[in-house]
Each structure stands twice: as structure tokens, then as C-alpha cells.
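# Architecture at a glance
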Amino acid sequence: PLNTANYDGVRAINSTATHLYLQNIYNADGTGGKGFSISEKQPDGGWSFPEALEIEDYYNDTTIAMMAISGDETKMILAVQRKDSKGQHDLYLSRSLGGRKWSKPEPITELNTPMDEIAPFLAFDDHTLYFSTNGRGGFGGYDIFICRRLDSTWMHWSEPRNLGEPVNTASFDAY
């Protein structure tokens, strides 16, 4: 059920490899829409039909959206472009409200630039965030940066640090 005629992409996986977080909404008739869905590992090793995540006031002004999920699956860091973005894609925090419901995305302003922040990845320690940006200088168009969460609000992070060479090159470096 994960492969359709639409754009299908895995955006995150939980720490026990039992939940896949997917870009887009999957409809039973084969159509799709903007947003994110979750698919659960089945006893036979397959994956369930993706169920939509209900994110309050979710919209994205581009066709590409990315996300990362915390180890306990209660926090989601999104890379989307919204009306309150500083520029292109920015990083946002959404909190689980229980079940498939999530809070309105809040911009993580100290990480965002007037350029593009994409490809968030949360390490399993839930304190280390990797992401790519073309808004902080570096070796090429997009470089991969690392920062660490400073408190329990998930809104305060250390100054992002470029991972440097050989990870970053003069080419596009992300994911």
C-alpha cells in the first residue's frame, strides 16, 4: 500500500522500526494530498495502509515536505514553507495531541534563515538535530549542520555547526 502513482516518500522511522512516517496523505481510491501519514508494521512483515496525521492548521506552500520524529513519537520537526516562514522551507515543531492528532506547527525561529532549511533528522538521543541549509554559508549550495536541544521546550537549540569536510562538499549536501 506504500507505492502509488503519486510521489511516495519515507520521511522518518521510529526507533523500533514499527512505524513509517510518509510524505503525503494516502486515500483509499489511490489519490493523495499534502500532509503526512503513518504506516504500521504488520505481523506478516508488511505495512498497513497509511493513516493521515491530523496536524492543526497544516499547510505547505511547496510540494516537498520533510519531517523527523522524536524517539517517543511525541514531537515532530517539520521542514515546510508557510506564511510565517523566514524564507523558503523552515523548521517547525509540532507536538502530539494523542492518537493521530498533532498541534499547529510552531517555527523554530533561532534555526531558520531567510533561505532554505530542509532534511531534518533527529538522532535517537532526542537532543541532536541534523539538517541541511543554504542559509548559513559553507562549502556549497546546501551543507549539513548539527545542533543540540538546550531545554525541554524543543524551541531552543545550540548554534548550528557546519559538519565540514568530507561530509560537506561544493555540491548539494542533505539527507
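My aim in this report is to walk through the structure given alongside it, one point at a time.

Take the overall build of the protein next. Looking only at helices and strands, one finds zero helices and 14 strands in the protein. Seen through its C-alpha atoms, the protein measures out along the principal axes to roughly 45 × 35 × 35 Å. Here the protein holds 175 residues, and the buried ones make up 46% of them. At a minimum sequence separation of 6, the contacts of the protein that also span at least 24 residues come to 43%. Carbon and sulfur atoms form 54% of the exposed surface of the protein, whose accessible area is close to 8400 Å².

A sheet is described by the order of its strands in space; here four strands give the open sequence β1-β2-β3-β4, paired in antiparallel fashion. Of all strands in the sheet, those bounded by a partner on one side alone are β1 (9-13) and β4 (51-52). Alignment of strand β3 (residues 32-40) against β4, held across two bridges, turns out to be antiparallel. What sits directly across from I38, in β4, is E51.

The calculated volume of the largest pocket comes to roughly 340 Å³. In this structure, the largest pocket is lined by 25 residues; those nearest its centre are R11, M67, P120, F121 and L122. Of all the secondary-structure elements, those providing two or more residues to the lining of the largest pocket are β1, β6 (66-69), β11 (117-122) and β12 (128-133).

Right, let's talk about the sheet that holds strand β14 (residues 161-162) for a bit. Here four strands make up an open sheet; going across it, the order is β11-β12-β13-β14 and the pairing antiparallel. The open sheet has two edge strands with one neighbour each: β11 and β14.

Here we come to the nonpolar core. The tendency in soluble globular proteins is for nonpolar side chains to be buried side by side. In this structure, I77, L91, I108, L111, L122, L129 and W157 are the most contacted members of the largest nonpolar core, which totals 20 residues. Contributions of two or more residues to this core are made by β6, β7 (75-80), β8 (90-98), β11, β12 and β13 (143-148). The next biggest cluster of nonpolar side chains, apart from the first, holds 15 residues, and it includes F36, I69, M76 and Y92.

Inspection of the entire model under this criterion finds five aromatic pairs. With a centroid separation of 6.3 Å and an interplanar angle of 45 degrees, the aromatic rings of F121 and Y130 are classed as tilted. On the basis of relative accessibility, which here comes to 27%, the residue Y130 falls in the partly exposed class. Taking NZ or CZ as reference, R82 lies 5.7 Å from the ring centre of Y92, over its face. Against the face of W154 rests R149, its NZ or CZ located 4.1 Å from the ring centre.

In terms of burial, β7 is a largely internal element, six of the six residues being buried. The alternating pattern of β7 places K75, I77 and A79 on one face and M76, L78 and V80 on the opposite face, and all of these are buried. With antiparallel pairing between neighbouring strands as the criterion, β6 and β7 make up a hairpin whose turn holds five residues, including E73 at a positive phi of roughly 60 degrees. Across six bridges, β7 lies against β8 in antiparallel orientation. Following the sheet pairing, K75 is matched in β8 by R95.

Calculation rules
Residues numbered from 1 in each chain as written. Predicted model: local features only at pLDDT ≥ 70, side-chain atom pairs only at ≥ 80, totals over all residues. Heavy atoms only, no water. Helix = DSSP H or I, 4+ residues; strand = E, 2+ residues; numbered from the N terminus. Buried < 20%, exposed > 50% of the residue type's maximum accessible area, 1.4 Å probe, protein only. Contact = heavy atoms within 4.5 Å. Areas by Shrake-Rupley, 256 points an atom, 1.4 Å probe, with all protein chains shown as cover. Pairing = 2+ DSSP bridges. 1 Å grid on protein atoms, 1.4 Å probe; cavity = no way out; pocket = protein on both sides within 12 Å on 5 of 7 lines; lining within 4 Å. Points joined across faces, edges and corners; volume = space filled by probe spheres on them. Core = buried A, V, L, I, M, F, W, Y, C linked by side-chain atoms within 4.5 Å. Phe/Tyr/Trp six-rings, centres within 6.5 Å; stacked < 30°, edge-to-face > 60°. Lys NZ or Arg CZ within 6 Å of the ring centre and 35° of its normal.

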